[in-house]
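# Residue-level structure breakdown
If you want the building blocks of each chain, they are given just below.
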Amino acid sequence: QVLLVESGGGSVQAGGSLRLSCAASGRTFSGYTMGWFRQAPGKEREFVAAISRGGGTTYYTDSVKGRFTISRDNARNTVYLQMNSLKSEDTAVYYCAASLVLVTRNVDDYSYWGQGTQVTVSL
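Residues numbered from 1 in each chain as written. Predicted model: local features only at pLDDT ≥ 70, side-chain atom pairs only at ≥ 80, totals over all residues. Heavy atoms only, no water.

### Here we look at the sheet that holds strand β1 (residues 2–7)
The strand order across the open sheet built from four strands is β1-β3-β8-β7, with neighbouring strands paired in antiparallel fashion. For this open sheet the edge positions go to β1 and β7 (68–73), each flanked by a neighbour on one side alone. Adjacent strand axes in the sheet meet at a mean angle of 15 degrees when their direction is disregarded. Where β7 lies against strand β8 (residues 78–83), six bridges are found, and the strand directions are antiparallel. Note on β8: the bridge partner recorded for Thr-69 is Gln-82. (Pairing = 2+ DSSP bridges. Helix = DSSP H or I, 4+ residues; strand = E, 2+ residues; numbered from the N terminus. Axes fitted to C-alpha atoms, helices over the stretch in contact; angles between N-to-C directions.)

### Quick word on the state of the cysteines
Using the criterion set out here, one finds one disulfide in the structure. The partner cysteine of Cys-22 in its disulfide is Cys-96, sulfur to sulfur 1.9 Å. Judged by the sign of its S-S torsion, about 45 degrees, the cystine formed by Cys-22 and Cys-96 is right-handed. Within this pair, whereas Cys-22 is found in strand β3 (residues 18–26), its partner Cys-96 is found in strand β9 (residues 92–99), the two being separated by 74 residues in sequence. With respect to burial, Cys-22 and Cys-96 carry one shared label: buried. (Disulfide = S-S within 2.5 Å. Buried < 20%, exposed > 50% of the residue type's maximum accessible area, 1.4 Å probe, protein only.)

### What to know about the packing of aromatic side chains
Summed over the entire model, instances satisfying the criterion amount to six aromatic pairs. The interplanar angle of 75 degrees and the centroid separation of 5.0 Å between the aromatic rings of Phe-37 and Tyr-110 together place this pair among those described as edge-to-face. Residue Phe-37 is found in strand β4 (residues 33–39), and its partner Tyr-110 is found in strand β10 (residues 110–113); the two are separated by 73 residues along the sequence. The same class applies to Phe-37 as to Tyr-110, namely buried. (Phe/Tyr/Trp six-rings, centres within 6.5 Å; stacked < 30°, edge-to-face > 60°.)

### Looking at the pattern of salt bridges
Taken as a whole and judged by the stated rule, the model has five salt bridges. A salt bridge links Arg-38 to Glu-46, with the shortest nitrogen-to-oxygen separation between them at 2.6 Å. Judged by its relative accessible area of 5%, Arg-38 is buried. Given a relative accessible area of 35%, Glu-46 falls into the partly exposed group. Between Asp-90 and Arg-67 there is a salt bridge, with its nearest N and O atoms 2.8 Å apart. On the criterion of sequence distance, the pair formed by Asp-90 in the loop between β8 and β9 and Arg-67 in the loop between β6 (58–60) and β7 is long-range, its members being 23 residues apart. (Salt bridge = Lys/Arg side-chain N within 4 Å of Asp/Glu carboxyl O.)

Structural data, given as structure tokens:
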């Protein structure tokens, strides 16, 4: 069992920045691929970014490349999502998730999920 708790969401104006954190407890954090997903009202949950167990490989959805950065600190059992140049279309509930599958963007590969944190970007 892995427990995930996100923090760092909030409201920001377009062009601003936020840093999301996801603290993990339970089984060995470094054994999991970690991912960030988001879900806007009326839309399906979508992949945002993923990072390999050691942090050496990352993947991003095209819409956030160059603006978002995923990172992890295995000593602190924490994964981060630095979000810069935020746009109104980034507004969503953001979830972190853990997977035993090697770096994957498939939502079905993730077994453990946090409760989500709201990010609202206003014009």
